[in-house]
Amino acid sequence: MSVLERFAAWRLFNQALACCQCFVFLRQSRLRAGDGLSGADSCEVRSAGSQDASTAEQAVYWSAWKSERELRRDLWLPDFHSSETELVDYPSFFPTPPADVDNPDRVLNREHQQRQAASWYFFLSEISLLRLSSLIANDILTFRPLAGESLTQGLANTVLQHEAQVFEWANTLHEDASLQSSPAEDGICKFILRGHLIDLREKIYWVFVDAAINGCSDGANEPFLMNDSILDLAHTGLQNHVERLRVNRPGFRHRHHGTPLMLRTCARSALVLIAAELAVQEAKRRRLEPIIEMPAGWEQAITDVIELCRFWEIDAPELVDMRHKIEKLWDKIREFECPE
């Protein structure tokens, strides 16, 4: 992943998951589920491994499982594409805490204990957030409006419920994983969690952003009605795209596990912001009042993504084409704002 070879990385994560199937804790899970293990296997399961080994095995398993799912979805592999609704099927267990996480008297190396505890809380936080994200995505994809209610307005009525779920998740985070601090103070674990949170909010608000940009019909033959509540939700969604660029900016030139996915999501946010501004300009050309209010900082966000693509395009040649597309659209916007 750090060298931006997503397909090669997916193959390795897939192979890692196959190797994980011999881990003791997975055998225990199958045994409890009545998977028909033999008596010899049962004895081996009961006698093998320590809690420390189990914790380490689960960390490896979760890392490989989560990464394989992310890349499978991102690559749209033949016969391996998974929809958002399929992501609801997360493994049923949470990672076992380190043996000494609640027993500091047994710890000889306090720094080691702190790293173990921080890693464990991060895994718990990430797993619970990804589960929440998949459940909310499932709610949106399977939503059916009430009689006489438009799809968009019906989904607008679910936003408060979804935001309440996000708020509850954030409030239950341990201090080692809390996102109450400034993004500028984030370590790598909080950086990842904050990115996942922005991804989730993109799902919640996407339908309203799309409606505001495209002014599309709300159903097969139903005219789209743009009211103030929908516009407010669309503006919140656009602000989230600017926030993605602000939060990720400290990691723009760092090579890490999430760099390929960061590049794609940041480029997507830039294109969404460009589309919104082009919709504003089109309304002005037609001497209409624009319905979209562009969020503060959107111009800087776009120029940041252009430089982001330029920085990484030696490692990922496909970013050259992406940069050219964004630059061409950005020039179109500037021509309208500053005609000769």
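Residues numbered from 1 in each chain as written. Predicted model: local features only at pLDDT ≥ 70, side-chain atom pairs only at ≥ 80, totals over all residues. Heavy atoms only, no water.

Draft legend 1. Seen up close, the overall build of the protein chain. Helix and strand content of the protein chain: 12 helices and zero strands. Walking the protein chain from its N terminus toward its C terminus, one meets helices and strands in the order α-α-α-α-α-α-α-α-α-α-α-α. Here the protein chain holds 340 residues, and 45% of them are scored as buried. Partitioning the contacts of the protein chain with sequence separation of at least 6, the portion at a separation of at least 24 is 73%. Total accessible area on the protein chain is roughly 18500 Å²; 53% of this is exposed by carbon and sulfur atoms. (Helix = DSSP H or I, 4+ residues; strand = E, 2+ residues; numbered from the N terminus. Buried < 20%, exposed > 50% of the residue type's maximum accessible area, 1.4 Å probe, protein only. Contact = heavy atoms within 4.5 Å. Areas by Shrake-Rupley, 256 points an atom, 1.4 Å probe, with all protein chains shown as cover.)

Draft legend 2. Spatial organisation of the pattern of salt bridges. For the coordinates displayed, the defined rule picks out 18 salt bridges. A salt bridge links Arg-72 to Glu-68; its shortest N-O distance comes to 3.1 Å. Here Glu-68 and Arg-72 lie together in helix α4 (residues 51–75), a separation of four residues that amounts to about one turn. When sorted by exposure, Arg-72 lands in the same class as Glu-68, which is buried. Salt-bridge contacts for Asp-74 lead to Arg-264; the nearest nitrogen and oxygen are separated by 2.8 Å. One end of the pair, Asp-74, is in helix α4; the other, Arg-264, is in helix α10 (residues 259–285), with 190 residues separating them in the sequence. (Salt bridge = Lys/Arg side-chain N within 4 Å of Asp/Glu carboxyl O.)

Draft legend 3. Here's a closer look at empty space enclosed by the protein. Per the counting criterion, the structure on display carries one cavity of 30 Å³ or more. Quantified by volume, the largest cavity comes out at close to 40 Å³. Lining of the largest cavity is provided by Trp-62, Lys-66, Phe-123, Glu-126, Ile-127 and Leu-130. Contributing elements (two or more residues each) for the lining of the largest cavity: α4 and α5 (110–141). For the lining of the largest cavity, the element with the highest residue contribution is α5, accounting for four residues. When the residues that make up the lining of the largest cavity are grouped by side-chain class, the tally is four nonpolar, no polar and two charged. (1 Å grid on protein atoms, 1.4 Å probe; cavity = no way out; pocket = protein on both sides within 12 Å on 5 of 7 lines; lining within 4 Å. Points joined across faces, edges and corners; volume = space filled by probe spheres on them. Nonpolar A, V, L, I, M, F, W, Y, C, P; charged D, E, K, R; others polar.)

Draft legend 4. Seen up close, helix α11 (residues 298–312). Taking 1.5 Å per residue as the helical rise, α11 with its 15 residues ought to reach 21 Å, and the 22 Å between its terminal C-alpha atoms agrees with that figure. Inspection of α11 places Trp-298, Ala-301, Ile-302, Asp-304, Val-305, Ile-306, Leu-308, Cys-309 and Trp-312 among the buried residues, and these make up the whole buried set. (Expected span 1.5 Å × (residues − 1).)

Scope: geometric values only; no functional claims are made or implied.
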